[in-house]
Every structure is written in structure tokens, then in C-alpha cells.
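# Residue-level structural notes
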Amino acid sequence: MTDRYVAITGGIGGAKLALGLSKVLAADDVTFIVNTGDDFEHLGLTICPDIDTLCYTLSGLANPELGWGRADESWHFMAALDALGGETWFNLGDRDLALHVERTRRLKSGESLTAVTAHIAQALGVEHRVLPMSNDRISTVVLTGDGPLAFQHYFVRDKCAPEVTGFRFDGADRAALSAEVVQALHDDALAGVIICPSNPYVSVDPVLAVPGMRDRLRALTCPVIAISPIVGGAAIKGPTAKMMAELGVPSTAEAVAKHYRDVLDGFVVDRADAALAAAVEALGIASVTTQTVMLTLADRIDLARDSLEFLHRIK
Ligand code: FO1
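Heads up: these notes are all about the structure in this document. Everything quoted here is computed from the prediction, not taken from an experiment.

For the rest of this paragraph, the subject is the overall build of the protein. Secondary structure assignment for the protein yields 13 helices and 14 strands. In terms of overall size, the protein behaves like a compact globule, its C-alpha atoms giving a radius of gyration of 19 Å where 315 residues would be expected to give roughly 20 Å. Evaluated residue by residue, the protein yields a buried proportion of 55% over its 315 residues. Looking at the protein as shown, the accessible area adds up to about 13100 Å², and 51% of this sits on carbon and sulfur atoms. If you average the places of the 27 positive and of the 40 negative side-chain charges in the protein, the two averages end up 1 Å apart.

Below is the structure:
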């Protein structure tokens, strides 16, 4: 029986490690569980940014500069919408638009988000399994000094400027893990779960908020590890460090380990944070130090290998 793995991911940082894992593990040997708290209805379409970022990344179609959307994109739709006085704060490229139209059509015809995602992933040439965390809608709401904001309004429209006071995951209490997610976590061959270096508050916590997820992770006999999205007190990308500061949490890798402590057996920190390894271990969490900053494909593969090796070491 070959070892199999589950990786929990959301956003651009997570997709980078997911790509590394997809290069070192066969299609059957890793399943990606993706945050859908960022999903929303826009211009009559269902947009699933983290699923799409992952599928474009794994298929080699991702826009390398933006990290989201497609490479070789054109923007005629947005320009035409702008000329009509339409809503243009959220950018949908022409090629990307086709995906949202087709997903929306399939969802409206009654297919589950899991089935639609499997179809789209396959059509794009993704070989590994990409599973939304739930088929039920869960919407991340960012609580701010300006009031509650739908995630994409906070993130894209308001460029993460409002001061964060907390988060809400609307619909989480009524949501269920999909049968496919449950099965992936119940696999006898499961050798470890990897929480990718995604934003803990808005990319990973929505996944952990689906009823049953935390309990299932805690009950596993194989280890659960996370890779720190914070290096040297700063986030590689995105608002993680800013959110931590606004929430009154120190912007450190150690604080991220603490955040996940109820589900975590191991934590990967960057070499820049080697001095924090002892503090992580004092929390009862094994730690390893390596390069976590992923600039090249080789970096993504190296971090994937280091993470798998660490999982086996702490088994
Ligand atoms: N992020 C932006 O910063 N600006 C955008 O206009 C934008 C459009 C967009 C369209 C499709 C898609 O799949 C993702 C898009 N993103 C955009 C990224 C998105 O906001 C993600 O939620 C974040 O990257 C957080 O994971």
C-alpha cells in the first residue's frame, strides 16, 4: 500500500506548495482539500477563487505575475463592462470568464461543487484530486472597524485596508464535509495531512470550521503538520501579518503554530525563524527548520520533499 496524503490549501501561497507536492507525489497519492470561504456570486456567476488558483497552478495555466487567473489573458470583457458603467472592481479575464460561466451553468443544473470541480480540473489537465471543503456554501465575512465585509469586498475592493477585528464563516454551522473529503481523511493508507502556508484566518480556518473537520484531524493516527506562512515576522504574500497585528497577535511563526495547536503534531518554520523552533516545541509540537520561501519550481519541490520527510520522521 503506497502512502497517501491530504493537503489543505487556499490562496496563492498554498497553491505553490501544492504544485511542489503534485510534482513529487503521484495523482492517487495526494488529495487537495480547498477553502471555499472566498467563493461568492458576482455578475450572476459563481466564483471560486481558491479552487481556480489551485487548478490553474496545477495545470500550468496560472498567471505567474498575479498568482490568480490565467496566463496569456485578455481583458476585453472588463473593458466593455467598464464602458457600460458596470461593476469592475473584481477582474475577470476573458479566458477565466469561460470557467465561471461553465461552473455556474453546471451548478444551476444541479451538479455538486465537488462534481463541477472534478470536471473543470480534468478539462484543464489537472491529474490530482481537487476537493472543495464542502458542497455547502460557507462565506467568510471579515469583521472590521468599518463593519462586517464580505471577503472579496475586504480583500479585492477595499484592498485589505480596513482594520480587522475578527472573522465569521456564515453557513458553516449548517454545512457538512463532502463524502469525498470524509473518504480522503478515512483512508487506511493516509500517512499525513499537510496544512499549506496559507493565511490561517481566511484560508485555513474556514476549512477547519466545517463541522467535523477539527475532530477528524484530531482523531487521525497519522501526523498533521503545517508550514508557516510567516517568515521573519512578515507574510510572504497577502495580509496575514497585518491581520495578526490588528488582532493583537504577534506576527510570528510561533503564533501561527499556537493558532493551530489543537490539530497540529508538527510545524515547519523558515531558517530565518530557527530561533523560534524551541518555542514551538515547548507547545508540544515537533518542529523543523528549512527554506519555506518558494521563489522557483525547485523551491516548491524541495519544500514538498522536506515536508513529507518531516511527516515520516514524526510518525
Ligand atoms: N485578486 C485581486 O487582488 N484582484 C482581482 O481583481 C482578483 C480577481 C480574481 C478573479 C478570479 C479569481 O479566481 C481570483 C481573483 N483574485 C483577484 C484573487 C482572489 O481574490 C482570491 O480570493 C485571493 O487571492 C485570496 O485567496
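This next bit is on the side chain of Thr31. Along the chain, Thr31 falls in strand E2 (residues 30-34). Here Thr31 is in contact with Tyr5, Val6, Ala7, Arg129, Leu131 and Ala184, once residues within four sequence places are set aside.

A few words now on the pattern of salt bridges. Under the definition given, this model contains 13 salt bridges. Salt-bridge contacts for Arg106 lead to Glu111; the nearest nitrogen and oxygen are separated by 3.1 Å. Take Arg106: its relative accessible area is 15%, and that puts it in the buried class. A salt bridge links Arg174 to Asp173; the shortest N-O distance between them is 3.8 Å.

Here Leu276 lies in the loop between strand E13 (266-270) and helix H12 (277-282). If near-sequence neighbours (up to four positions away) are discounted, Leu276 is found in contact with Thr252, Ala253 and Glu254.

Once that is clear, we can look at the state of the cysteines. Taken as a whole, this structure holds 0 disulfides when the rule is applied. With no disulfide of its own, Cys48 lies 9.8 Å from the sulfur of Cys55, the closest cysteine sulfur. Distance from the sulfur of Cys196, which forms no disulfide, to the nearest cysteine sulfur (Cys55) is 14 Å.

So, how was this worked out
- Residues numbered from 1 in each chain as written.
- Predicted model: local features only at pLDDT ≥ 70, side-chain atom pairs only at ≥ 80, totals over all residues.
- Heavy atoms only, no water.
- Helix = DSSP H or I, 4+ residues; strand = E, 2+ residues; numbered from the N terminus.
- Rg over C-alpha atoms; globule rule 2.2 N^0.38 Å.
- Buried < 20%, exposed > 50% of the residue type's maximum accessible area, 1.4 Å probe, protein only.
- Areas by Shrake-Rupley, 256 points an atom, 1.4 Å probe, with all protein chains shown as cover.
- Lys, Arg positive; Asp, Glu negative; His and termini not counted.
- Charge placed at Lys NZ, Arg CZ, Asp CG, Glu CD.
- Contact = heavy atoms within 4.5 Å.
- Salt bridge = Lys/Arg side-chain N within 4 Å of Asp/Glu carboxyl O.
- Disulfide = S-S within 2.5 Å.

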